[in-house]
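# Notes for the structure review
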Amino acid sequence: MEKNWMEMTPAEKRDKRFSDWLKNPGGFDNPAAEKAYNTRINRLADTLLMKKTDRVPVTLPVDNFPALYYGSTVRKVMYDYDALYTVWKQFLNDFKMDTLSGPGLVYPARVLDIVDYKLYAWPGHGLPINANGHQFVEGEYMTVDEYDALIADPSDYLMRVFLPRAMGALKAFSKLPPLTSLLGKPQALLMVAGQPDVQAAFQALADAGKEMNKYQQIIMRFGQEAQAAGYPSIRGGVAMAPFDSLGDALRGTKGVIMDMYRRPEKVLKAIEVITDFAIRNTIEQMNAMGGVMVTFPLHKGDDTFMSAAQFDKFYWPSLKRFILALINEGIMVSLFAEGKYNQRLERVKDLPPGWILWHFDQTDMALAKKILGNTQCLTGNVPSSLMCTGTAEAVKEYCRNLIKLCAKDGGYILTGGASCAEAKAENLRAMMSASIEAAAAKEYGKS
């Protein structure tokens, strides 16, 4: 008799998630596409699980490259979803790759306009019209005297305080009563809901939702067609390290740095509350979508942002608790270590083996391989500067050396340290060919 979910071990839960992910979905363009899909997805899955494969998988670090390469602009594809689909479909047809590099990280600017989103600047909206991406606009969206409100009731704080500051169109949400005050007396909400500015705020939310649905239909269409052409993707979601949730969107860098010195107990309590909510919400979302991996972009944990002692106190404990909770549900974790993690490697090596994909940006890969390489899958490290300004042969040589260094016995995925919209097309192709040639020359896994 098959075990129910609660009786399964973490490894058994992961096996079930992987089994569902690896099932042949059918509906391919032709038999060759189906064969290529099966080869690619199994190569990727085996690499994540630290098994030896025929060659190193490659994820091209494309970012907004398709828009620029095919004569469009980032602003154009952020506003015109048909144009977004067209250039990414052309990219899919022209570039061979192992995993899907889709347009899901191109934000729908019409949605941002409707809600008057304050946390991003994008081409023509806070950035030059020809800018090649969006930027995060840091601010003190939570004031220093509001820790207690966040800790006491995060949902209420985010709804009635944070959202009105983060989205100008939702400013009137500050008038809403706490939802906990509505037990047995909904009149307070209904009276506020009759005010024109509150109604306009809810209408903006509804309009943004309709626009988001249009965007999502294009993203889903592209994903289905890419799959039919033989290109798999890792089924998963994105989460934030609890410290980053506080330090990015709420207190901002300046605020959270001062708080670590002036009110460390408030910082730690807020992080604890954020972690509890984030774990529950992330697991619910992953279960709903049948996901296998959650990706964390680690913004403020690198060697240069905080001291080792601060990392040990404020950053790693909550993130580790988050990671272990996901592992307990059979969910693998990808950690995008932005910046340098040379001083962190010894501190993060005690995670359960075989569950983590460490994506390194500027970390010393020889050191990472020595400390983590036998227990966790590694990826990344090809410099964006090299992809944008180097020659194809220089890219290929760099990639060959990474493969020799990191891929022995499996557990390495070749990709950039970070995405690069302005990469040269020949350099993206050189990255793919480096893996193929290394396997053909039997350099991959060579002792």
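Calculation notes
Residues numbered from 1 in each chain as written. Predicted model: local features only at pLDDT ≥ 70, side-chain atom pairs only at ≥ 80, totals over all residues. Heavy atoms only, no water. Helix = DSSP H or I, 4+ residues; strand = E, 2+ residues; numbered from the N terminus. Buried < 20%, exposed > 50% of the residue type's maximum accessible area, 1.4 Å probe, protein only. Salt bridge = Lys/Arg side-chain N within 4 Å of Asp/Glu carboxyl O. Pairing = 2+ DSSP bridges. Disulfide = S-S within 2.5 Å.

### Let's talk about the environment of Glu-34
Within the element layout of this structure, Glu-34 appears in helix α2 (residues 31-48). On a C-alpha basis, the gap between Glu-34 and Met-306 in space is 48 Å, while along the polypeptide they are 272 residues apart.

### Observations concerning unusual backbone geometry
Working note: non-glycine residues mostly have negative phi, and peptide bonds are mostly trans. For Met-50, which is not glycine, the phi torsion reads 65 degrees and is therefore positive. Within the fold, Met-50 resides in the loop between α2 and α3 (65-69). Even without glycine at this site, Asn-381 takes up a positive phi of about 90 degrees. If you trace the backbone, Asn-381 turns up in the loop between β8 (377-380) and α16 (384-389). Note on Asn-381: relative accessible area 8%, which makes it buried.

### A short note on the pattern of salt bridges
Summed over all chains, the structure comprises 31 salt bridges. A salt bridge links Glu-225 to Lys-89; the shortest N-O distance between them is 2.8 Å. With Glu-225 in helix α10 (residues 196-228) and Lys-89 in helix α5 (residues 81-94), this residue pair connects regions lying 136 residues apart in the sequence. Residue classification places Glu-225 among the partly exposed positions, given a relative accessible area of 24%. The salt bridge partner of Arg-400 is Glu-437, with a shortest N-O separation of 3.6 Å. Of the two residues, Arg-400 sits in helix α17 (residues 392-406) while Glu-437 sits in helix α18 (residues 425-440), which places them 37 residues apart along the sequence.

### Thoughts on the pairing of strand β1 (residues 120-123)
Sheet topology places β1 next to strand β3 (residues 135-136); 2 bridges connect them, and they run antiparallel. Directly across from Tyr-120, in β3, lies its bridge partner Phe-136. Bridge count for β1 against strand β2 (residues 126-127) is 2 bridges, and the pairing is parallel. When the bridges of β2 are listed, Pro-123 appears paired with Leu-127.

### Looking at the state of the cysteines
Using the criterion set out here, one finds 0 disulfides in the structure. Take Cys-377: it sits in no disulfide, and the sulfur closest to it among the cysteines is that of Cys-406, at 10 Å. Accessibility expressed as a relative area gives 1% for Cys-377, which makes it buried. Judged by its relative accessible area of 0%, Cys-406 falls in the buried class.

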